[in-house]
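Residues per chain, in single letters:
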Amino acid sequence: PASWEKIWEGPEAALQYLQVLVGKKKALTSWAQRVSKGRLLDGPLNLSDLFNPGTFLNALRQQSASKLSLSLEETKLVSSWEKAKISGDFVVEADGIFIESAEVDRGVLIDVEATAPELARVPTLYLSFVAAKDAEPYRGSDVLKLPVYSSPSRENHFVDISIPVSRADEQDKWVLAGVALFL
């Protein structure tokens with residue numbers, strides 16, 4: 001129904017909508033079991049399992065700020081393909097993220113082949129909220145901020161993720177290609 005579409009983005013076909021709904025319910029049951037054991041962040045999480053991943057990221061930010069004794073404005077989101085480059089008390093191992101107009105190989109963006117699918121799965125991405133004054137995992141000039149959307153329609157923007165590029169002078173190339181990440 002139209003009134004539901006305002007609450008959650010999903011397929012318009014009723015059968016597809018219900019299949020996605022049941023899939024999310026099953027996934028959230030698994031999340032709830034991990035939470036009850038105090039082990040939610042002990043393994044990969046697929047943020048697309050959530051009805052509103054932005055709410056989860058906001059809660060993660062609030063928990064991190066509280067643990068660091070900082071205000072929300074004094075925190076920032078950092079990301080890395082390598083867990084060792086991420087600090088913080090709450091590190092999310094985000095799985096099930098896709099990229100359009102590029103691929104990720106050995107932690108950097110690369111061109112896609114003409115025959116490649118429209119969306120490619122990226123390696124596991126590690127996310128954490130840290131103090132805003134903390135260093136970034138990657139050097140500034142060799143990093144591109146990519147938007148993360150809920151779907152390829154690019155209607156719901158969640159956050160921007162820092163992705164390393166092989167050369168600083170390639171940033172414009174990727175922006176013009178419309179590279180983005182999707183849950």
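In this convention, every chain numbers its residues from 1, walking through the sequence in written order. A pLDDT threshold of at least 70 governs which residues receive local features in this predicted model, and a stricter bar of 80 or more applies before side-chain atom pairs are shown or counted, although totals over entire chains, interfaces and linings include all residues. Water and hydrogen atoms were dropped before computing side-chain values, which therefore reflect all heavy atoms in the structure.

### Examining unusual backbone geometry
Threshold: Helix numbers and strand numbers start at the N terminus; a helix is a DSSP run of H or I with at least 4 residues, a strand a run of E with at least 2. Partly exposed describes any residue whose relative accessible area lies between the buried limit of under 20% and the exposed limit of over 50%, with all areas from a 1.4 Å probe on protein chains only and scaled to the type maximum.
One non-glycine residue, Ser69, lies in positive phi territory at about 55 degrees. Residue position: Ser69 is located in the loop between helix H3 (53-68) and strand E2 (75-80). Even without a glycine there, the phi angle at Ser101 is positive, about 75 degrees. Secondary-structure assignment places Ser101 in the loop between strand E4 (98-100) and strand E5 (103-105). For Ser101, a relative accessible area of 25% corresponds to the partly exposed category.

### Some remarks on the packing of aromatic side chains
Under the convention used in this document: Each aromatic pair joins two rings of Phe, Tyr and Trp (for Trp, the six-membered one) with centres within 6.5 Å, and gets the label stacked for planes under 30 degrees apart, edge-to-face for over 60, and tilted for any other angle.
Here the structure, examined in full by the defined rule, presents two aromatic pairs. Between Trp31 and Phe56, the aromatic rings sit 5.5 Å apart at their centres with planes inclined by 80 degrees, giving edge-to-face as the arrangement. Of this pair, Trp31 sits in helix H2 (residues 14-36) while Phe56 sits in helix H3; the two residues are 25 residues apart in sequence, bridging distant segments of the chain. There is no split in this pair, since Trp31 and Phe56 are both buried.

### What about the sheet that holds strand E1 (residues 44-46)?
Our working rule: Should DSSP find at least two bridges between two strands, the strands are taken to pair. Fitted lines through C-alpha atoms give the axes, limited to the stretch in contact for helices. The angle between two N-to-C directions lies from 0 to 180 degrees. Residues are treated as being in contact if the distance between any of their heavy atoms lies within 4.5 Å.
Taking strand neighbours across the sheet as the criterion, the four strands line up as E1-E3-E8-E2 in an open arrangement whose pairing is mixed. Taken across any chain shown, the strands that pair with only one partner, and hence form the sheet edges, are E1 and E2. Neighbour to neighbour, the strand axes of the sheet diverge by 35 degrees on average, direction disregarded. Bridge count between strand E3 (residues 91-95) and strand E8 (residues 125-131): four bridges; the pairing is antiparallel. By the bridge assignment, Ala94 is partnered in E8 with Leu125. Together, E1, E2, E3 and E8 form the strand contacts of H3, whose direction differs from that of E8 by roughly 45 degrees.

### Focus: the sheet that holds E4
Strand order in the open sheet formed by five strands is E7-E4-E11-E9-E10, and the pairing between neighbours is mixed. Each end of this open sheet is capped by a strand with a single partner; those strands are strand E7 (119-121) and strand E10 (157-164). Neighbouring strand axes in the sheet, compared pairwise and without regard to direction, differ in orientation by 35 degrees on average.

### A look at the pattern of salt bridges
Counted only if it meets this: Take a side-chain nitrogen of Lys or Arg and a carboxyl oxygen of Asp or Glu: if they are within 4 Å of each other, that pair is a salt bridge.
Scanning the model with the defined rule gives seven salt bridges in all. The partner of Asp42 in a salt bridge is Arg39, and the shortest N-O contact between them spans 3.2 Å. Looking at Arg39, the relative accessible area reads 48%, which means it is partly exposed. The partner of Asp134 in a salt bridge is Lys133, and the shortest N-O contact between them spans 4.0 Å. For Asp134, a relative accessible area of 28% gives the class partly exposed.

### A short note on the pairing of E2
Of all six residues that make up E2, six are buried, and the element is covered over most of its length. Sheet topology note: the E2/E8 ladder contains six bridges and is antiparallel. Bridged to Lys76 within E8 is Val130.

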